[in-house]
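Structural description and commentary
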Amino acid sequence: MHQQAQLRLKKDEVEKLGAEVYVVLAMDLHRTRVFKEENLLLSKGTGRFSKEKSLVYATALSDPAGYASAVYGVARKCLRWGAWVENQPHWFVIDHGGTLTFMLEPKFDTPTAYEKDVDRVLDALMKGRAEK
Amino acid sequence: MHRMTIALVGLFLLPGAGWAQPTSPLEKYRRLQFPAKDENFAKGWQERVALEYEIINAADLKALRLALKDEDPFVRAIAARALGILGDKDSADALAELVKADKEYLVRIRAVESLGYLKMKPEVIQLAIKDRDGGVSWVAKLAADQLKSDTDYAKQLREAYATGIKREVMGTAKLGKPAPDFSALTSDGKPFRLSTALGKKPIAIYFAAYDG
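Here is a short report on the structure shown in this document. (Residues numbered from 1 in each chain as written. Chains lettered and ligands numbered in written order. Predicted model: local features only at pLDDT ≥ 70, side-chain atom pairs only at ≥ 80, totals over all residues.)

**Quick look at helix α7 (residues 105–118) of chain B**
Residues and elements named next belong to chain B. In plain terms, the rule: Helix and strand definitions follow DSSP, with helices as H or I runs of at least four residues and strands as E runs of at least two, each counted in order from the N terminus. Take the residue count of a helix, subtract one, and multiply by 1.5 Å to get its expected span. In this scheme the burial state of a residue depends on its C-beta neighbours within 10 Å: 20 or more other such atoms mean buried, 12 or fewer mean exposed, and anything in between means partly exposed; the C-beta positions come from the backbone.
Taking 1.5 Å as the rise per residue, α7 with 14 residues should run 20 Å; its terminal C-alpha atoms sit 20 Å apart, in good agreement. Within α7, 14 of the 14 residues are buried, leaving the element largely enclosed by the surrounding structure. Trailing α7 by a residue or two, K119 shows a phi angle of about 60°, which is positive.

**A closer look at the environment of F92 of chain A**
Rules: Once C-beta atoms have been placed from the backbone, residue pairs whose C-beta atoms lie within 7 Å are recorded as contacts.
With respect to the secondary-structure elements, F92 of chain A resides in strand β5 (residues 90–94). Considering only alpha carbons, one finds F92 of chain A and V121 of chain A, 29 residues apart in sequence, at a separation of 8.0 Å. Those residues within four positions of F92 of chain A in sequence are excluded, and the remaining contacts are Y72, L100, F102 and M103 of chain A together with A173 and I205 of chain B.

**Notes on helix α8 (residues 122–129) of chain B**
Residue and element names in this part refer to chain B. Test applied: Think of it as the arc spanned by the lines of direction from the helix axis to the C-beta atoms.
All of the buried residues along α8 are V124, I125 and A128. Take α8 and look down its axis: the buried residues cluster within an arc of 100°, on one side only. Where α8 is buried, its residues meet α6 (92–101), α7 and α9 (134–148).

**Points about the pairing of strand β2 (residues 59–62) of chain A**
Basically, it comes down to this: At least two DSSP bridges between two strands are needed for those strands to be called paired.
In the sheet, strand β1 (residues 20–25) of chain A pairs with β2 of chain A via 4 bridges, with the strands oriented parallel. By the bridge assignment, L25 of chain A is partnered in β2 of chain A with S62 of chain A.

**Details of the environment of R30 of chain B**
All names here are of chain B. Note that R30 resides in helix α2 (residues 25–30). By C-beta crowding, R30 is classed as partly exposed, having 18 other C-beta atoms within 10 Å. Here the alpha-carbon distance between R30 and P73, two residues 43 residues apart in the chain, equals 9.8 Å. Dropping the residues within four chain positions of it, R30 is found in contact with D72 and V75.

Set out below in structure tokens:
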């Protein structure tokens, strides 16, 4: 959700690049819809996103059996930090020719990590477009 | 004759012979080298994924119902999940008991999630919203919403698992190689296939956890 909130702030840049962004959840359609349409997580705090109704700009995709997540090597089906976790979050960028050109595993380790991650994704998207 | 019988039984019990090996997916799950514990987060996930598919597709309701009482909470949890996805309404009472009384939150999560898929026991789902564990409460709220929906989420899940998954396709996304194709549903329920979007624009895909 945090990564998606940051991406939304850069929506104009994504559109200028003519890029498409998807967010995949290894969850059923209902949870995917809630993730896309409702700000259940960050609305509980007092940060800049607390008053927003929805934080997700990308097209949200439900991968209910976790097939795509497993193919992309991010499935975990495990507990972590006291919670059940289906996936370890990852970014991938695919260039205009359909080749995977960038992969990033967010570390969530500093307050500004999200912004840097999204900037790196935008940079990879720009390179993907430039090769056209 | 007696000695021959003993010899044959011994042969089956040898490692590698049929009877000595766990044959059911549930039994294999019970004996996972890397169960779904925190310390195994990066290890053995392929086997956990493969066995989840196998358990659901095997649809052995009798074994799954028994497994709701297994000593191993991970086995109880996967059995609870599978029974919900399989639409086994006969297991609703047992799932409700797990929601109310299982000491492991991961079992309560999977059990209440399955009551949502079965669209049963709304009173138990309401109780779970007040669960002492935040994760159970979170999932219970989602399950309560699912009760109000006409969508058969369990059927969607069964269809997704029915396509199966081969171990050799897991983790095949590699830099410099063509992006592996996959299908999914958009949040408004429309079918999506990555290959139809390739070759037109650069694409970014974020595989998310709910809080990441």
